[in-house]
Amino acid sequence: MLTFNSYLVLSAFVHSTLGLIQTPNFAADVIRTQQLEASWDATIEKRDDVPAGYVAPPYYPTPKGGWVGSWTDSYAKAAKVVANMTLAEKVNLTSGTGLLMGPCVGNTGSALRFGIPNLCLQDSALGIAATDNATAFPAGITTGATFNKALMYARGYALGEEARGKGVNIQLGPTIGPLGRKPRGGRGWEGFGADPVLQGFGGSETIKGMQANGVIATVKHFIGNEQEMYRMDIPPHGLMKAISSNIDDRTLHELYAWPFMDAIKVGVGAVMTSYNDVNGSACSQNSKLINGILKDEFGFQGLVMTDWLAQIGGVSSALAGLDMAMPGDGNTPLLGLAYWAYDLSTSVLNGTVPLERLNDMVTRIVATWYQFGQDQDYPLPNFSANTADPTGPCYPGALISPTCVTNEYVNVQGNHASVARNISREGITLLKNDNNTLPLSTQAVLKIFGSEAQNNPAGMNACNQRSCDTGILGMGWGSGTANYPYLDAPIDAIKRKAANVTYYSSDSFPSGITALSGDIAIVFINSDSGENQYTVEGNHGDRDASGLVSWHNGDALVQAAAAKYATVIVVVHTVGPIVVEPWINLPSVKSLVFAHLPGQEAGNSLTDILFGDYSPSGHLPYSIPVAESDYPSSIGIVGFEFFQVQDTFSEGLYIDYRYLNKNGITPRYAFGHGLSYTTFSKSSITLTAVTPLSTLPPARAAKGSTPVYSTAIPPASEVAWPTGFSAIWRYLYPYLDDPASISSAINFTYPVGYQTTPQPAPAAGGDEGGNPALWDVMFTLSVTVTNTGSVAGKDTVMAFVQYPSDSSYDTPIIQLRDFEKTDTLAPQGSQTLTLSLTRRDLSVWDTTKQNWVIPVSSSEPFVFWVGNSTANLTIACESLSKACSAGRPSPVV
Ligand code: NOJ
């Protein structure tokens, strides 16, 4: 049974039928395509459709890895190994073996002489995808809603333990792009919320946790992957290019790249590029993005891989800074054709790809492997993402394959159910609770409505990669999923907890019901989305068909229940915002609970809150507008256009609350909103200046040295087929039939702006994440939180920055910069929290200076607003006086 993404298989057919006439851009298969290329270049790279002002300037060459101190030892070890590798071994590590050519969703070749096995790359951001005996954790969006950094770390740690236990070398998560610019966007739920700081902490805490286990984490998708539809190139390349996300430089830095900086700052080992173009240049070979921003400015030392089948050219992607092609196939998967593998061997032998670029690719991969200790007793994969059977073909993509032990069914769940439950519970966000309707008594008479409260009758894992919306929605659909080991449905948990429960599983309100006074109705509704390879109920990944409306006539079900019962509680499982106006103000709709996407612990975590064992402490990781039209049309899903769909981020910095605030639009529920069963006060608020403000950060340090290798092109014999080698058909190898025939006199048209002299070190760089001074703490804010109510609970403190009013930079009124959560506080208990404001937090990206600039003012202060939602900001401290005061008018509606 093949469980691999059906879209990949489908696209394999599309690609293979059209493959013979397709021509890659700056193709790696230089020999075979160079004449064709000359005539195609002009058309395939035409950029006329990208609006003026959105540029993808060339940035060459690729900065070599190894110059950052914290990677020195790993690079030294890697350099020793790489210096002794053959060309074939080097190419092996950079190139995937092909779709379905190994146990994992991605598999590299190996360099066994040095103990480096085929590396296993496996989804997902919320579990170990497509396998057994692993935890289905709550999704990123649920984790973001906890606003709890410790839980973000705990989830990452548990994910890493499971990945290691299954033998995954490189885990394909966390997802920190999309950022959630588009409420309808299909994959926002994989990440942590529609704010770069929330996304940044969510990502970096996850990475720290995962990598503490020796697993290499992958942040994805770099960058601008905000919509699913039209995300991929349709061959032949140039006929229909992937969507172009057109992003200006400042917006890129302050919103979309921000969380990637955080990820690199904490040492993430891998970055995955996204399918889309940015400013008309494919992310898998956008030299400005990979060479310029990731590797030079952000000082990234690990490896950059493509998204699956996103590579559109061989030499071009190598020169632009790509290090690993995944899953290895070119545009023609399952035929044994690649842009790299054997064609990278060719390109190095004929001198088109400089040997030093290949050496840097391999060094980055091997150094990353050492950096996380994978040379020390790291397990091999003991599962197969392709089958649930115990034995089967080792390479299901091959026509004839040897047989392998495919699954050992290793149980890696440990005690992670409790981590999952803690997060699912703490993410639950109570948006409305009139008359203290919640918590419920276990003796209450409960009438439960909606199929969403129960499991999918066909089975919890019935739909491939959760590509259906039947029953409880614990995660969205696509590669960002995992199989449930169990799925604790809300109705089962409610029945375990409460004495008097009647369940109506239909999504139509049943006729003939008599509501008695005192009856309480709980209505379950949901809204789903996912990845573009599946269409679910008319939605192509994005919620293009459903909009922000609950699925399965959820609004009508709530309205009908509200017409009958005096007390209605609505529970929503959702990938993102839904509009709740059709019923939120009905007099009997007393409570609204957003449980986001809870994963396997959907039931217990919910009853923990519904029955008051815990006080809710989740906060909205996005705003809920009154109407979708409250947002600008630019953040809607962009429809079909011939040749290339253009998605221009014309709203710039103004997404989610930043847009609503600027335009004086009051949301139904503000970013950060979330109620508790108790009350909290804040006192002893102090602002402490730590570092004097200066407009520009201190100058960066010079780069350290990088490995130096021989520049002599290796003997062609290094990529000849080994004697007696028995090749698997369609497997991607580095070998060539007649390597000696490769001519070095190749006439290759290099990209415009290509150069081999290193660029001057960018002022904004200097270390992993950029200039280390960007993380200097300029101010700390400390706040004492006291539980003034009668039950235990946790409170969250968020700090929003307002820039000096005389700043010449057009900047959102307020922006989240840090948050902290208390431990559980007993009634009267208190805790002092300290939040930090770094240089970057006070800076804007100056597109002329190409640096982070603090708009320092001697007369106007930065104002630091303290609260727990954008609608609840009345306490503020000012940077000049350091004075803090309560009762101030909020800066936003
Ligand atoms: C495509 C998805 O965009 C990416 O997130 C995933 O890791 C790969 N497929 C592999 O499944």
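What you are looking at is a predicted structure, and each value in this text was computed from that prediction instead of being measured.

A.B. asks: Quick rundown of the site of the ligand? Include the residues and the values.
C.D. replies: In the neighbourhood of the ligand, 15 residues make up the surrounding shell, with Asp123, Arg187, Lys220, His221 and Asp307 lying closest. Between the ligand and Asp123 there is a distance of 2.5 Å, counted from an oxygen atom to a side-chain nitrogen or oxygen. Here Lys220 contributes a side-chain N or O atom positioned 2.9 Å from an oxygen atom of the ligand. Within the complex, 100% of the 290 Å² of free accessible area of the ligand lies under protein.

A.B. asks: Run through the sheet that holds strand β2 (residues 120-122), naming residues and quoting values.
C.D. replies: Pairing in this open sheet of six strands is mixed, and the strands run β1-β2-β3-β4-β6-β9 from one edge to the other. Where the open sheet ends on each side, the last strands, each with one partner, are β1 (106-107) and β9 (303-305). Inspection of the sheet shows β2 paired to strand β3 (residues 170-171) by two bridges, in the parallel sense. Residue pairing for β3: Leu121 is matched across the bridge by Ile170.

A.B. asks: Explain the state of the cysteines residue by residue, including any values.
C.D. replies: The tally for this structure, following the rule as stated, stands at four disulfides. With its sulfur 2.1 Å from that of its partner, Cys104 forms a disulfide with Cys120. Residues Cys104 and Cys120 are joined through a disulfide that is left-handed, its torsion about the S-S bond being -100 degrees. Remark: Cys120 occurs in strand β2 and Cys104 occurs in the loop between α4 (87-94) and β1; sequence separation between them is 16 residues. Take Cys104: its relative accessible area is 1%, and that puts it in the buried class. In this model Cys463 forms its disulfide with Cys468; the gap between the sulfur atoms is 1.9 Å. Between Cys463 and Cys468 the disulfide shows an S-S torsion of about 90 degrees. By sign, it is right-handed. In the protein, the bonded cysteines, taken in the order they occur along the sequence, pair up as 1-2, 3-4, 5-6, 7-8.

A.B. asks: Lay out the confidence of the model for the protein with the relevant residues and their values.
C.D. replies: Looking at the protein, the pLDDT average stands at 94 and 95% of residues meet or exceed 70. Here residues 1-46 is modelled with pLDDT under 50, and outside its nearest four sequence neighbours on either side it reaches 114 contacts, counting other chains as well.

A.B. asks: Please give an account of the UniProt feature "domain: Fibronectin type III-like" (unreviewed entry) in the protein that cites residues and values.
C.D. replies: UniProt tags residues 795-870 as "domain: Fibronectin type III-like" (unreviewed entry). In residues 795-870, the share of helix is 0% and the share of strand is 45%. The end C-alpha atoms are 15 Å apart.

A.B. asks: How would you summarise helix α14 (residues 416-427) if you had to cite specific residues and measurements?
C.D. replies: Owing to its 3.6 residues per turn, the α-helix brings residues three or four apart onto one side. In a regular helix each residue adds 1.5 Å, so 12 residues correspond to 16 Å; α14 covers 16 Å between its end C-alpha atoms and thus fits that length. Within α14 the residues assigned to the buried category are His416, Val419, Ala420, Ile423, Ser424, Arg425, Glu426 and Gly427. In the core, the buried residues of α14 are packed alongside α5 (140-146), α6 (149-166), β12 (429-433), β17 (589-594), α17 (602-610) and β22 (815-821).

A.B. asks: Tell me about the nonpolar core, residues and numbers included.
C.D. replies: Core analysis: the largest hydrophobic core is formed by 136 residues, its most contacted members being Met85, Ile116, Met305 and Leu816. At nine residues, helix α13 (residues 355-371) tops the list of elements feeding residues into this core. For Met85, the contacting residues outside a window of four places in its chain are Lys90, Leu93, Ala111, Arg113, Phe114, Ile116, Val362, Val366 and Glu718. Ile141, Ile448, Ile522 and Leu620 belong to the second largest nonpolar core, which has 65 residues in total.

A.B. asks: Which residues make up the packing of aromatic side chains, and what values go with them?
C.D. replies: The description of two aromatic rings rests on the distance between their centres and on the angle between their planes. Taken as a whole and assessed by the stated rule, the structure comprises 35 aromatic pairs. Taken together, a centroid distance of 5.0 Å and an interplanar angle of 75 degrees make the contact between Phe222 and Phe260 edge-to-face. Placement of Phe222 in strand β4 (residues 216-222) and of Phe260 in helix α9 (residues 258-265) is noted, with a sequence separation of 38 residues between them. Each member of the pair, Phe222 as well as Phe260, is classed as buried. Measuring from centroid to centroid gives 6.5 Å for Tyr631 and Tyr659, while their planes differ by 50 degrees, and the two rings are tilted. One end of the pair, Tyr631, is in the loop between α17 and β18 (644-648); the other, Tyr659, is in helix α18 (residues 656-662), and 28 residues separate them in sequence. Among the aromatic residues, ring-to-ring pairing joins Phe147, Phe201, Tyr657, Phe671, Phe800 and Phe819 into one connected group. The ring of Phe649 carries Arg181 above its face, with NZ or CZ at 3.6 Å from the centroid.

Calculation notes
Position numbers for residues count from 1 along each chain, tracking the sequence in the order it is written. Owing to the predicted nature of the model, reporting of local features is limited to residues with pLDDT of at least 70; listing and counting of side-chain atom pairs is limited to 80 or more, with chain, interface and lining totals taken over all residues. For the side-chain quantities, the full set of heavy atoms in the structure was used; hydrogens and water were omitted. We call a residue near a molecule or strand when any one of its heavy atoms sits within 4 Å of it. Counted as a polar contact is a pair of N or O atoms within 3.5 Å, where, for protein atoms, one must be capable of donating a hydrogen and the other of accepting one, and residues adjacent in sequence contribute only when both atoms are in side chains. Areas reported here follow the Shrake-Rupley algorithm with a probe of radius 1.4 Å; residue values treat only the protein chains shown as occluding. Here a strand pair is declared whenever DSSP counts at least two bridges between the two strands. Going along the chain from the N terminus, every DSSP run of H or I of four or more residues is numbered as a helix, and every run of E of two or more is numbered as a strand. In this description, the term disulfide denotes a pair of cysteine sulfurs within 2.5 Å. Accessible area is worked out with a 1.4 Å probe on protein chains only. A residue is then buried under 20% of its type maximum, exposed over 50%, and partly exposed in between. pLDDT is a per-residue confidence score from the predictor, ranging from 0 to 100. Contacts: residue pairs with any heavy atoms within 4.5 Å of one another. UniProt positions are given in the numbering used here, feature names are shortened, and annotations may be inferred rather than shown by experiment. In a helix, the anticipated span is given by 1.5 Å times the number of residues less one. The set of buried Ala, Val, Leu, Ile, Met, Phe, Trp, Tyr and Cys residues whose side-chain atoms join them within 4.5 Å is what this entry labels a nonpolar core. Pairing of aromatic rings covers Phe, Tyr and Trp, the last counted by its six-membered ring, and requires centre-to-centre distances within 6.5 Å; plane angles under 30 degrees mean stacked, over 60 mean edge-to-face, and any other angle means tilted. Charge over a ring is defined by NZ of Lys or CZ of Arg lying within 6 Å of the ring centre and within 35 degrees of the ring normal.

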